[in-house]
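# What the coordinates show
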Amino acid sequence: MSVNLGTRYLGMSLKNPLVVSACPLTGNLDSLKRLEDAGAAAAVLPSLFEEQIEHLDCQLSELYDFNANSSPESQSYFPEMESYNTGPDGYLEHLRAAKQAVDIPIIASLNGTTVGGWTRYAKMIEDAGADVLELNIYIVPTQRDLSGQQVEKQYLDLVRSVRSAISIPLSVKVGDVFSSPADMAVRLTEAGANGLVLFNRYLEPDIDLETLEVVPKLVLSTEQKDHLPIRWIAVLRNRVIASLAANTGIHDRDDVLKVLLAGADVAMMASVLLKNGPEYLCEILTGLEDWLQEHQYLSVAQMKGSVSQFNCVDPSAYERANYTRALVSYRTEVI
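Residues numbered from 1 in each chain as written. Predicted model: local features only at pLDDT ≥ 70, side-chain atom pairs only at ≥ 80, totals over all residues. Heavy atoms only, no water.

### Re the packing of helix H9 (residues 253-262) against helix H11 (residues 280-294)
Remark: H9 packs on H11, axes separated minimally by 9 Å, with the N-to-C direction vectors making an angle of 55°. What the angle tells us is that H9 and H11 run oblique. H11 is crossed by H9, and the crossing has right-handed handedness. Contacts from Arg253, Val256, Leu257, Leu260 and Leu261 in H9 reach Ile284, Gly287, Leu288 and Trp291 in H11. Grouping the amino acids of the contact of H9 with H11 by side-chain chemistry returns seven nonpolar, one polar and one charged. (Axes fitted to C-alpha atoms, helices over the stretch in contact; angles between N-to-C directions. Helix = DSSP H or I, 4+ residues; strand = E, 2+ residues; numbered from the N terminus. Parallel < 35°, antiparallel > 145°, perpendicular 65-115°, else oblique. Left-handed = near helix turned anticlockwise from the far one by under 90°. Contact = heavy atoms within 4.5 Å. Nonpolar A, V, L, I, M, F, W, Y, C, P; charged D, E, K, R; others polar.)

Here's what the structure looks like:
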């Protein structure tokens, strides 16, 4: 029995539901080609950051500033981002080269927090050939006087600003820290998001015990992290008019199957490919096809969303009922 692994995402017909998240592998043309050969259906390029664009604009304006003879240190206040990638012009160049190098859809990524002049790069990204723009909103609201309502407005204003600049599909990657994620998901789509990527990982700071400095710490995702997108994708399926992508904690065939059954259109992954290499995609795809055949599914489309909250036998399993059942199960195992 042949199985159709194809899926629809953001208006695109993809050959399968495996999409590579933004990571160093997609920032290199050779590894991008390996990802395509291994079966990747689409790839998200590493993000272009709001800070990089604003830093460039600051440098350009200084060229025309008559009183620009300040300390040379002013040119190095943001060195980390300069070494992250080659900056806005280099980003657009890599995007064009990626479109020439592979046949799979290329998703560009903008990472920002505020509405500003940097959003004009959304149009430049579209003109450079991106099939989709993923807006990666990474807001950490630490200000005491900043209300949750103001933070949500910041998200919506940013989505509207970028949406107004482009005509290609816009996906929005967000975290799960809203008081009502389902309501926010609806409002994001109303603001112009064609798709939602659930969820962004907030990288937590660490403290160096020798220097007593706050240092960044990048930890690759773990398999247990996929339980979070499973819940909210299952809740949102049939409730929002938007494509749904599961992100974070997807490491193997079973993880892919679970997010698809919950209602995801695609499963995004990066950590496991960084650990095992692009060719690991082949193993996941083979396992996915074997499971579908074993369970007599003819296609991914047929099984997608079949265990969403809308379609499952007990919708309360995605709510408080899951908590009480887990406690009972744990108590039984301990005894």
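### Some points on the packing of aromatic side chains
Geometrically, a pair of aromatic rings is defined through the distance of the ring centres and the angle of the planes. Under the criterion given, the structure shown has two aromatic pairs. Where Tyr155 meets Phe178, the ring centres are 5.0 Å apart and the plane angle is 75°; that geometry is what we call edge-to-face. Here Tyr155 is found in helix H6 (residues 148-165), whereas its partner Phe178 is found in the loop between strand S8 (170-174) and helix H7 (181-190), with 23 residues between them in sequence. Note on Tyr155: relative accessible area 1%, which makes it buried. The class of Phe178 is buried, set by a relative accessible area of 11%. (Phe/Tyr/Trp six-rings, centres within 6.5 Å; stacked < 30°, edge-to-face > 60°. Buried < 20%, exposed > 50% of the residue type's maximum accessible area, 1.4 Å probe, protein only.)

### Things to note about the environment of Glu134
Counting through the fold element by element, Glu134 comes out in strand S7 (residues 132-137). For the pair formed by Glu134 and Pro169, sequence separation is 35 residues and the distance between their alpha carbons is 8.5 Å.

### Quick word on the pattern of salt bridges
Scanning the entire structure with this criterion turns up eleven salt bridges. For Lys123, the salt bridge goes to Glu126, with nearest N and O atoms at 3.5 Å. Within this pair, Lys123 and its partner Glu126 are both found in helix H5 (residues 121-127), separated by three residues, close to a single helical turn. For Lys123, a relative accessible area of 38% gives the class partly exposed. Overall, the relative accessible area of 11% leaves Glu126 in the buried class. (Salt bridge = Lys/Arg side-chain N within 4 Å of Asp/Glu carboxyl O.)

### What about the packing of helix H8 (residues 227-236) against H9?
At a minimum axis separation of 8 Å, H8 and H9 run at an interaxial angle of 25°. Compared by their axis directions, H8 and H9 come out roughly parallel. Contact residues: H8 offers Ile230, Ile233 and Ala234, while H9 offers Lys258, Val259 and Ala262. When grouped by side-chain class, the residues that make up the contact of H8 with H9 number five nonpolar, no polar and one charged.

Function-wise, these values are silent; they only describe arrangement.
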